[in-house]
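# Fold and geometry: a report
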Amino acid sequence: MMKHFLSVSDVPDISKLIAKAKAFKGSPSKDSILGAGTRIGLIFLNPSLRTRISTQLAARNLGIEPIVFDIGQNGWQLELEDGAVMNGSSVEHIRDAAPVLGSYFDIIGIRSFPTLSNRDADNEERLLHQLVKYADVPIVNLESATLHPLQSLADLLSISEHWNFERKPKIVLTWAPHIKPLPQCVANSFSQWVNAWNKAEFVIAHPPGYALDRRFTEGATIVEVQEEALRDADFVYVKNWSAYEDYGAMPTVNGDWCLTPDKLLQTRNARVMHCLPVRRNVELSDAILDGSSSLITEQAANRVWATQAVLHEILQNLTD
Ligand code: CP
């Protein structure tokens, strides 16, 4: 049973959750009254297209009323520090705001990106854990300082729809260039889920200086030559992230890490993945994004079914 959905650790059986997501994809309304009379608050400190919309659609499919609140734009600035003397810019303490949100909603989803400047604070995931502690309702991670588990579940759903598992697929997560420092959340989370799933050969490729936190990559093969990783790949997941060691930095990269069709020639007709939004012709070429190897729109569409499966698990736990 699932109380909160903060990371893969909250999932008792990944394959069963994927099967549940597939069942909802086949029949979106099959449990459309389970959530009748309940509300989910979707609290965004940061922008979102896919998570914002897919979570509302998933909730509505289960009869849950979604209410979106852009707290980052329209709410009071939150203080997270216990014992803080609030004579600065923060207006409201999470200890006061969280119980109020908990009284309005039966489930709370929260998106809060990392600072990318304070590694310890980001690793603590303080906002998520304070909500768990003070809101007293199930909390769903809509992308936090270190993880994006709803994205990862949709990613594994997408892979499982394109693989029959007669042999383990080779899945490659490759770093890609970007114009600004991005969080490590998607890469961390994808690594954690693929490793926990244990149904694939998993290789991570990144330039020197871009190693991810070992807590999330343990079990993967890690290389610093993209070409070596791509050989015989069945799935190639493309994503930029900033440095973890020199936290939030963008160390200089030698060579071209943008994924182009010529690089896919050494794969086994690999399917290409990305969580979106993507910087065209920086991370990935137009030819790949617009070509037949791309699973990218499917991944985004699958966010609805992945989230519906998670909300269904939480609802079942609430009503038991
Ligand atoms: N992939 C993803 O989470 O997209 P959004 O940031 O648009 O929600």
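Notes on the structure in this doc start here. Please read these numbers as outputs of a predicted model, since none were measured by experiment.

Calculation rules
- Residues numbered from 1 in each chain as written.
- Predicted model: local features only at pLDDT ≥ 70, side-chain atom pairs only at ≥ 80, totals over all residues.
- Heavy atoms only, no water.
- Core = buried A, V, L, I, M, F, W, Y, C linked by side-chain atoms within 4.5 Å.
- Buried < 20%, exposed > 50% of the residue type's maximum accessible area, 1.4 Å probe, protein only.
- Helix = DSSP H or I, 4+ residues; strand = E, 2+ residues; numbered from the N terminus.
- Contact = heavy atoms within 4.5 Å.
- Salt bridge = Lys/Arg side-chain N within 4 Å of Asp/Glu carboxyl O.
- Near = heavy atom within 4 Å.
- Polar contact = N/O pair within 3.5 Å; in protein donor to acceptor, adjacent residues only side chain to side chain.
- Areas by Shrake-Rupley, 256 points an atom, 1.4 Å probe, with all protein chains shown as cover.
- Nonpolar A, V, L, I, M, F, W, Y, C, P; charged D, E, K, R; others polar.
- Phe/Tyr/Trp six-rings, centres within 6.5 Å; stacked < 30°, edge-to-face > 60°.
- Disulfide = S-S within 2.5 Å.
- Pairing = 2+ DSSP bridges.
- Axes fitted to C-alpha atoms, helices over the stretch in contact; angles between N-to-C directions.

### Focus: the nonpolar core
- The biggest cluster of nonpolar side chains holds 74 residues, and the ones touching the most others in it are Phe5, Leu156, Leu173, Phe190, Trp193 and Leu259.
- Ranked by the residues each element gives to this core, the list is headed by helix H13 (residues 296-319), at 9 residues.
- Not counting the four nearest positions on each side in its chain, Trp193 is found in contact with Phe5, Val8, Val11, Ile14, Leu17, Pro149, Ser152, Leu153 and Leu156.
- Core analysis: the second largest hydrophobic core is formed by 16 residues, Ile108, Ile110, Leu128 and Tyr134 among them.

### Some thoughts on the pattern of salt bridges
- For the coordinates displayed, the defined rule picks out 12 salt bridges.
- Residue Glu143 pairs with Arg111 through a salt bridge whose shortest N-O separation is 3.1 Å. On the criterion of sequence distance, the pair formed by Glu143 in the loop between strand E6 (139-141) and helix H7 (149-161) and Arg111 in strand E5 (residues 107-111) is long-range, its members being 32 residues apart.
- For Arg111, a relative accessible area of 5% gives the class buried.
- Asp286 serves as the salt-bridge partner of Arg280, at 2.8 Å between the closest nitrogen and oxygen.
- Residue class for Asp286 comes out partly exposed when judged on its relative accessible area of 31%.

### Comments concerning the site of the ligand
- Around the ligand lies a shell formed by Ser48, Leu49, Arg50, Thr51, Arg111, His148, Gln151, Cys275, Leu276 and Arg303.
- Here an oxygen atom of the ligand sits 2.8 Å away from a polar atom, N or O, in the side chain of Arg111.
- One of the side-chain nitrogen or oxygen atoms of Arg303 is found 3.2 Å away from an oxygen atom of the ligand.
- Contact with the protein chains removes 93% of the 250 Å² of surface that the ligand exposes when unbound.
- Of the residues belonging to the shell around the ligand, the class tally is 3 nonpolar, 4 polar and 3 charged.

### Observations regarding the packing of aromatic side chains
- This model, assessed by the stated rule, comprises 9 aromatic pairs.
- Seen in terms of ring centroids, Trp175 and Tyr210 are 4.6 Å apart; in terms of plane orientation they differ by 45°. Their pairing is tilted. In this pair, Trp175 is assigned in strand E7 (residues 170-175) and Tyr210 in the loop between strand E8 (201-205) and helix H9 (214-217), connecting sequence segments 35 residues apart. Each member of the pair, Trp175 together with Tyr210, is buried.

### Structural notes on the state of the cysteines
- The full count for this structure, using the stated rule, is 0 disulfides.
- Summary of cysteine pairing: Cys185 is not part of a disulfide, and the nearest cysteine sulfur, belonging to Cys275, is at 9.8 Å.

### Examining the sheet that holds strand E11 (residues 271-273)
- Ordered by their spatial adjacency, 5 strands build an open sheet running E9-E8-E7-E10-E11, and the pairing between neighbours is parallel. This sheet does not close on itself; its edge strands, each paired only once, are strand E9 (221-223) and E11. Within this sheet the neighbouring strands show an average axis-to-axis angle of 20°, counted without direction.
- When strand E10 (residues 235-239) meets E11, the two strands line up parallel, connected through 3 bridges.

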